[in-house]
Amino acid sequence: MEPRAVSESRAVLVQWMGPSDANAAGFVHGGTVMKLCDEAAAAAAIRHARSRVVTAAVDRMTFLQPVHVGDLLTLQASVNAVWRSSMEVGVRVQSENPASGRVRHTNSAYITMVAVDADGRPVGGIPPLRAETADEQRREREAQTRRRNRLAERDELQRGRSA
Ligand SMILES: CC(C)(COP(=O)(O)OP(=O)(O)OC[C@H]1O[C@@H](n2cnc3c(N)ncnc32)[C@H](O)[C@@H]1OP(=O)(O)O)[C@@H](O)C(=O)NCCC(=O)NCCS
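None of the values given here were measured: they were computed from a predicted structure. The written sequence of each chain sets the order in which its residues are numbered from 1. Two thresholds apply to this predicted model, a pLDDT of at least 70 for residue-level local features and 80 or more for giving and counting side-chain atom pairs, whereas whole-chain, interface and lining totals are computed over all residues. Hydrogens and water are ignored here; the side-chain numbers use all heavy atoms of the structure.

Quick word on the pattern of salt bridges
By definition here, a salt bridge exists when the distance from a side-chain nitrogen of Lys or Arg to a carboxyl oxygen of Asp or Glu is within 4 Å. A complete count under the given rule lists eleven salt bridges for this structure. Arginine 150 is the salt-bridge partner of aspartate 59, the closest N and O atoms lying 3.3 Å from each other. Of this pair, aspartate 59 sits in strand E3 (residues 52–63) while arginine 150 sits in helix H3 (residues 134–162), and the two are 91 residues apart along the sequence. Members of the salt-bridge network, linked through shared partners, are Asp117, Asp119 and Arg121. Each helix corresponds to a stretch of at least 4 residues labelled H or I by DSSP, and each strand to a stretch of at least 2 residues labelled E; elements are numbered beginning at the N terminus.

Quick word on the site of the ligand
In these notes, residues near a molecule or strand are those with any non-hydrogen atom within 4 Å of it. As a matter of local geometry, the ligand sits amid 13 residues, with Thr55, Arg84, Ser85, Ser86 and Arg147 nearest to it. Definition of a polar contact: a pair of N or O atoms within 3.5 Å, with one able to donate and the other able to accept a hydrogen when the atoms are protein atoms, and with sequence-neighbouring residues admitted only if both atoms are side-chain atoms. For the ligand, a nitrogen atom lies 3.0 Å from a polar atom in the backbone of threonine 55. Within the contact set of the ligand, an oxygen atom lies 2.6 Å away from a side-chain nitrogen or oxygen of serine 86. Taking 930 Å² as the accessible area of the ligand by itself, protein coverage stands at 51%. Among the elements of the structure, E3, strand E6 (103–116) and H3 are those that each provide at least two residues to the shell around the ligand. Per-element tally for the shell around the ligand: the top contributor is E3, with four residues. Lys, Arg, Asp and Glu make up the charged group, whereas Ala, Val, Leu, Ile, Met, Phe, Trp, Tyr, Cys and Pro make up the nonpolar group; the residues left over, Gly among them, are polar. Tallied by class, residues from the shell around the ligand come to six nonpolar, four polar and three charged. Using a 1.4 Å probe, accessible areas were evaluated by the Shrake-Rupley method; residue-level cover was limited to the displayed protein chains.

Structure follows, in structure tokens:
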């Protein structure tokens with residue numbers, strides 16, 4: 001199957017943060033940002049696999065700085081690595097104060113999406129990824145490391161339970 005370039009599936013979601021997204025102090029809920037990350041990641045994964053996808057795991061979600069009511073949130077999602085039916089998608093979140101134009105990097109997330117059929121069963125054979133730039137190649141290497149660590153942790157926990 002023809003590899004698909006990272007740039008072919010990149011997705012950008014832009015959303016204004018209103019009062020219903022925030023607490024009384026005017027800070028946007030972490031869960032609101034997580035939901036948007038999930039949506040942006042799903043869009044990139046669907047574009048890559050051209051199939052339905054489900055969220056299998058949020059491997060990492062970092063909150064670097066608070067997001068405020070009135071900020072314009074931009075979420076950039078790109079596929080970092082592809083395996084049999086699963087993909088790691090990286091999401092970078094930036095918050096812009098529309099009045100001052102100041103842009104801050106507020107969140108990063110790594111989310112594993114799995115391509116599934118109409119019955120929700122994983123389907124293999126999604127196109128391989130073509131990482132073209134040095135940054136894309138670094139992200140792919142780092143995603144492989146995260147997957148290796150995740151599988152090693154799972155095996156170790158299973159061994160501990162059956163001991
Ligand atoms: C994700 C799901 C489809 C995996 O199904 P499964 O029967 O465990 O399938 P498999 O064991 O064959 O795993 C399929 C792929 O998912 C990956 N996967 C499964 N669980 C995972 C986890 N917790 N973290 C990361 N990857 C995972 C496997 O590594 C495998 O990847 P690969 O095919 O690229 O090697 C299933 O657990 C599911 O439907 N979960 C609920 C998803 C959901 O409701 N999400 C929220 C709404 S979208």
